[in-house]
Amino acid sequence: MKGILKLAYKLLVNDQAKFSALLLGITFAVFLMMFVTSMFSGVMTHASSTVINIGAPVWVMDPTVETVSNSVGMPDYVLDAVRSMQGVKYAVPLYSGGALVKLADGNYQSVTVIGLDDTSLYGRPDLVEGKIQDIYAENGFIVVRDAEFAKLENPHVGSQFELNDHRGVIVGTARVATSGLYGLPTLYTTYERAIQYIPNPRYTISYVLVEPKSPNDIPRIKQQVEALGYRARTKEEFMKRTEDFFIYKTGGGTNMLIMTLMSFIVGLSISGQTFYTFILENLERFGALKAIGTKSRDLIRMILFQASFTALSGYGLGVGLCVLLIYLAKLRLPSYAAMLTFGNLAIGFGLVVVIAAGSSYAAVRRVLRIEPFDIFRG
Amino acid sequence: MPKTAIQASGLVKWFGEGEARTTALKDVALEAQFGEMVYIVGPSGSGKTTLLSVLTGILKPNAGTVLLEGVDIWGLSADQLADFRLAKIGFVFQDYHLFPRLTTAENVAIPLILRDNDWGESIREAEKYLDIVGLKTRAQLYPVKLSGGEQQRVAIARAIVDQPDILIMDEPTASLDGDTGVAILSFVRKNVLNQDRCILVVTHDDRIYEFATRILNMEDGRLKGSEKSSA
């Protein structure tokens, strides 16, 4: 480390009380910012779980659909029309809906039912128990082994339940990439069985899943679907639409923004004030350094280094604390909806840079204003 | 023949404008040679500190020139002036201005560190100078653990660690008791002053006048003639 920066470092860390207060303020602010944004990311990921787990590149849906869990049924001709469109390699129907399951002990449990295309089983999950072909067996259902699994009384292959007066039999257990947002167990079956067992309106296709011949065909498919009066969205667009719904139409985004801003303001005020006090206490010494022959730009470098060092240390500690808390929470609640993304890290880092810049701005101005002559005058 | 360390002439410095204008220096001229320990004495408000600031490139005069070792310091750019001060002038401030969170050795090493010297070497060099001022055993202590006299010695060590040609001492005994003040200036006269160094002391403490080679009286912004010369 260059001498002048080491000098700045020692001046900073040797003042343990102030350095601790600075670090604590920034760590706490970063922790809050990261935690709020992580929770939101987690919720968003869980909200799009069906899209992620099925994995189809293009989804055709009613134009009014805003989240994957609130589908609007489409007539069968949409499937036929999509299959005949240029650029479509193949297209299959998907059923996604809710149902009430009566368990062996007589209790009822809400579940999410996914009905896969009978021919291809496109979007099937990875099985951990049983065989996928058994889904075609009479009353066959596959249950997802996630955090909600226990709500179905920990079923195993052969377990039975009742769904709308129909018998259901578990023929396999599966794992998926992401569990759902609403805390409901998920059952997979065939499309035909799903619409047969679950009471439905006239139109039963929730989504048409499309595999384009090539990614370049997607815009053309979109145009053709739109001409039909429906919408084709890529997986990413559908997830973004779901995310936008939660951000802009539920108040979730506003809450996250308010919490993040509050954390930012808390961090900025604590660190800004403490850092400014730290500079004020050393102001005469900075003046003495100026008199001795230190250039103003070197003093600025010292202050910026001190602010950056504190901010980055606080950032690391804050992120670490957030990771630790999420890890501990997930030990207890495996489907705990919090997730650190690169986006969250970048937002946190950006805000910390602003905190460092804001804290050092006032300090730099103060140090630049001091005249060495004042040091002589005492 | 002694070389000239400081040569100033026609120095004028005023503060404020219009009716509020106060003239602190009125056509001041001063010359000091290497090997001299020149005192500038006078009552408060006579312009001593202003003169010191103008002579060391800290406060720009409204008129006049200052040559330090033949260099017209007010003709230098701000960066050149800062470099010149760092290389040629050592400062002992009235309140020492030691960093309380740095050890004694680190405080002394500051001028070397500011000149981009290696940290470890700077500390070792600082310890040598602490030995010179009799504080070798205090190198790892923080200034708050030192007495006023010891802090003054640390400030002196810091001022001379980079071997400046000109040493400026601003009211060096203002925060010390009489005996300590006398001891400090006696030490400076014996151990710090040499034929390659000029020391300029601003003071109004007549107990330390005996250590000056020359005393200049400052009164109402003007330097009066030499009161004593023992160089």
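Residues numbered from 1 in each chain as written. Chains lettered and ligands numbered in written order. Predicted model: local features only at pLDDT ≥ 70, side-chain atom pairs only at ≥ 80, totals over all residues.

### So, the overall build of chain B
The number of helices and strands found in chain B is 6 helices and 10 strands. Computed over C-alpha atoms, the radius of gyration of chain B comes to 17 Å, within 12% of the 17 Å expected from 2.2 N^0.38 for 231 residues, which places it in the range of a compact globule. Overall size of chain B, expressed as C-alpha extent along the three principal axes, is 50 × 40 × 40 Å. Here chain B, with 231 residues, has 49% of them falling under the buried criterion. The contacts in chain B between residues at least 6 apart in sequence include a share of 70% that link residues at least 24 apart. (Helix = DSSP H or I, 4+ residues; strand = E, 2+ residues; numbered from the N terminus. Rg over C-alpha atoms; globule rule 2.2 N^0.38 Å. Buried ≥ 20, exposed ≤ 12 C-beta atoms within 10 Å, placed from the backbone. Contact = placed C-beta atoms within 7 Å.)

### Here's the deal with the overall build of chain A
Scanning chain A from N- to C-terminus turns up 12 helices and 10 strands. Based on the C-alpha atoms only, the size of chain A along its principal axes is roughly 95 × 50 × 35 Å. In chain A, which comprises 378 residues, the proportion classed as buried is 43%. The long-range share in chain A, meaning contacts at least 24 apart out of those at least 6 apart in sequence, stands at 82%.

### Description of the domain arrangement of chain A
Residue and element names in this part refer to chain A. Under the domain assignment used here, chain A contains domain 1 (3-46 + 251-377) and domain 2 (75-229). Taking only C-alpha atoms into account, the centre of domain 1 sits 48 Å from that of domain 2. Taken residue by residue, the interface counts 7 residues in domain 1 and 6 residues in domain 2. (Domains from an automatic or database assignment.)

### Let's talk about the interface of chain A and chain B
Opposite the 22 residues of chain A that make contact, chain B presents 27 residues. Contributions of two or more residues to the side of chain A that touches chain B are made by helix 1 (3-13), helix 9 (283-292) and helix 12 (372-377) of chain A. For the side of chain A that touches chain B, the leading source of residues is helix 1 of chain A, giving 6 residues. Classifying every residue of the side of chain A that touches chain B by side-chain character gives 10 nonpolar, 5 polar and 7 charged. (Nonpolar A, V, L, I, M, F, W, Y, C, P; charged D, E, K, R; others polar.)

### Quick word on the packing of helix 2 (residues 16-47) of chain A against helix 11 (residues 342-369) of chain A
Residue and element names in this part refer to chain A. The interhelical angle for the contact between helix 2 and helix 11, taken along N-to-C directions, is 150°, at an axis separation of 9 Å. The angle between the axes of helix 2 and helix 11 places the two elements in the roughly antiparallel class. The chirality of how helix 2 crosses helix 11 is right-handed. Across the interface between the two elements, I26, A29, V30, M33, M34, T37, S38 and S41 from helix 2 touch N344, I347, G348, L351, V352 and I355 from helix 11. The class makeup of the residues in the contact of helix 2 with helix 11 is 9 nonpolar, 5 polar and no charged. (Axes fitted to C-alpha atoms, helices over the stretch in contact; angles between N-to-C directions. Parallel < 35°, antiparallel > 145°, perpendicular 65-115°, else oblique. Left-handed = near helix turned anticlockwise from the far one by under 90°.)

### Considering the pairing of strand 6 (residues 160-163) of chain A
Residues and elements named next belong to chain A. Because side chains alternate across strand 6, one face comprises the buried residues F161 and L163, and the other comprises Q160 and E162, none of which is buried. In this structure, strand 2 (residues 88-102) lies alongside strand 6, joined through 2 bridges in antiparallel fashion. What sits directly across from V101, in strand 6, is L163. Pairing geometry for strand 6 and strand 7 (residues 166-175), over 4 bridges, is antiparallel. The residue of strand 7 that forms the bridge with Q160 is V169. Counting the residues in the hairpin turn of strand 6 and strand 7 gives 2 residues, including N164, whose phi is positive at 50°. (Pairing = 2+ DSSP bridges.)

### Concerning the environment of F28 of chain A
Take F28 of chain A: it is sitting in helix 2. C-alpha of F28 of chain A to C-alpha of V354 of chain A: the two residues are 326 residues apart in sequence and 16 Å apart in space.

### Some details on the packing of helix 2 of chain A against helix 8 (residues 252-281) of chain A
Helix packing for two helices is described by the angle between their axes and how far apart those axes are. Residue and element names in this part refer to chain A. Contact pair helix 2 / helix 8: the axes reach a minimum separation of 9 Å and the direction vectors enclose 170°. With respect to their mutual orientation, helix 2 and helix 8 come out roughly antiparallel. Partitioning the contact of helix 2 with helix 8 into residue classes produces 16 nonpolar, 8 polar and 1 charged.

### Considering the sheet that holds strand 1 (residues 4-15) of chain B
Residue and element names in this part refer to chain B. Taken together, the 4 strands give an open sheet; going across it, the order is 2-1-4-5, and neighbouring strands pair in antiparallel fashion. The outermost strands of the open sheet, each flanked by one partner alone, are strand 2 (22-33) and strand 5 (71-72). Here strand 4 (residues 63-68) runs beside strand 5; their pairing, made up of 2 bridges, is antiparallel. If you follow L68 over to strand 5, its bridge partner there is V71.

### Details of the pairing of strand 3 (residues 37-41) of chain B
Each regular strand carries side chains that alternate between the two faces of the sheet. Residue and element names in this part refer to chain B. Among the 5 residues in strand 3, 5 count as buried, and that is most of the element. Relative to strand 8 (residues 198-203), strand 3 is paired through 5 bridges, and the arrangement is parallel. The residue bridging I40 from the neighbouring strand is V202, located in strand 8.

### Focus on helix 11 of chain A
Residues and elements named next belong to chain A. In a regular helix each residue adds 1.5 Å, so 28 residues correspond to 40 Å; helix 11 covers 40 Å between its end C-alpha atoms and thus fits that length. Those residues of helix 11 not exposed but buried are N344, G348, L351, V352, I355, A356, S359, S360, A363 and V367. Elements in contact with the buried residues of helix 11: helix 2, helix 8, helix 9 and helix 10 (296-332). (Expected span 1.5 Å × (residues − 1).)

### Quick look at unusual backbone geometry
Residues and elements named next belong to chain B. The phi dihedral of E69 is positive, around 50°, even though this residue is not glycine. Take E69: it is sitting in the loop between strand 4 and strand 5. Under the C-beta neighbour-count criterion, E69 is labelled partly exposed, with 16 such atoms within 10 Å. One non-glycine residue, Q163, lies in positive phi territory at about 50°.

### Remarks on the confidence of the model for chain B
All names here are of chain B. With 96% of its residues at a pLDDT of 70 or more, chain B has an overall mean of 89. Taken element by element, the predicted model of chain B shows its lowest mean pLDDT in strand 10 (residues 222-229) (68) and its highest in strand 4 (95). Predicted complex metrics record ipTM = 0.83 and pTM = 0.75. (pLDDT = per-residue confidence, 0-100.)

### Quick look at the environment of L268 of chain A
Residue and element names in this part refer to chain A. Tracing the sequence through the fold places L268 in helix 8. On the basis of neighbour counts, which here come to 21 C-beta atoms within 10 Å, the residue L268 falls in the buried class. Taking the C-alpha atoms as reference points, L268 and S359, 91 residues apart in sequence, are found 7.1 Å from one another. Each residue touching L268, except ones within four places of it in the same chain, is listed here: I355 and G358.

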